[in-house]
Amino acid sequence: MPIYWKPRYATRSMRHRAWAKRDRAREEALRRARPPSLLRRLLGRLHRNT
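Counting restarts for each chain, with residues numbered from 1 along the sequence as it is written. Note on the predicted model: pLDDT of at least 70 is required for a residue's local features to be given, and 80 or more for side-chain atom pairs to be given and counted; whole-chain, interface and lining totals, by contrast, use all residues. Calculation of side-chain values draws on the structure's entire complement of heavy atoms; hydrogens and water are dropped beforehand.

Trainee: In this structure, what is going on with the overall build of the protein? I would like to understand it.
Mentor: Regarding its fold elements, the protein presents two helices and zero strands. We take the radius of gyration over the C-alpha atoms and set the globule estimate at 2.2 Å times the residue count to the 0.38 power. At 21 Å, the protein has a C-alpha radius of gyration far larger than the 10 Å of a compact globule built from 50 residues. Projected onto its principal axes, the C-alpha positions of the protein cover 60 × 25 × 15 Å. By residue count, 2% of the 50 residues in the protein fall in the buried class. Every accessible area reported is derived by Shrake-Rupley at a probe size of 1.4 Å, with residue values counting cover from the shown protein chains alone. Here the protein has roughly 5,800 Å² of accessible surface; of this, 59% comes from carbon and sulfur atoms. Helix and strand definitions here come from DSSP, where helices need a minimum of 4 consecutive H or I residues and strands a minimum of 2 consecutive E residues; each element is numbered from the N-terminal end. Categorising residues by exposure relies on relative accessible area from a 1.4 Å probe, with only protein chains included: less than 20% of the type maximum marks a residue as buried, more than 50% marks it as exposed, and the intermediate range marks it as partly exposed.

Right, dumping it as structure tokens:
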């Protein structure tokens, strides 16, 4: 079984990947928490009526 080298501290790319992942999660949480826009509500209403 090969032994992989693992840095003791996170490298710049590891830190950036973790930051981007948390940033995406924050944006998704905000999107879920925000009520639907007026356009979305109108489109949903139109879809239900047809």
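Trainee: When you look at the pattern of salt bridges in this model, what are you seeing that I'm missing?
Mentor: It is possible for side chains of opposite charge to pair when their charged atoms get near one another. Salt bridge, as applied in this entry: a Lys or Arg side-chain nitrogen positioned within 4 Å of an Asp or Glu carboxyl oxygen. This model, assessed by the stated rule, comprises two salt bridges. When the shortest N-O distance is used, the salt bridge between R26 and D23 registers 3.4 Å. Pair noted here: R26 and D23 are both in helix α1 (residues 12–33), with a separation of three residues, about one helical turn. Here R26 falls in the partly exposed class, since its relative accessible area comes to 44%. For E28, the salt bridge is made with R31, and the minimal N-O distance between the two is 2.8 Å.

Trainee: Hey, could you run me through a nonpolar patch on the surface in this one?
Mentor: On the surface, L39, L43 and L46 cluster together to form a nonpolar patch covering roughly 300 Å² of accessible area. Following the sequence through the fold, L46 ends up in helix α2 (residues 38–49). Relative accessible area serves as the criterion here: at 55%, L46 is assigned to the exposed category. Here the term patch refers to residues with relative accessible area over 30% and no salt bridge, with like charges joined within 9 Å and nonpolar side chains (Val, Leu, Ile, Met, Phe, Trp, Tyr) within 5 Å.

Geometric descriptors of this kind do not, in isolation, establish any biological role.
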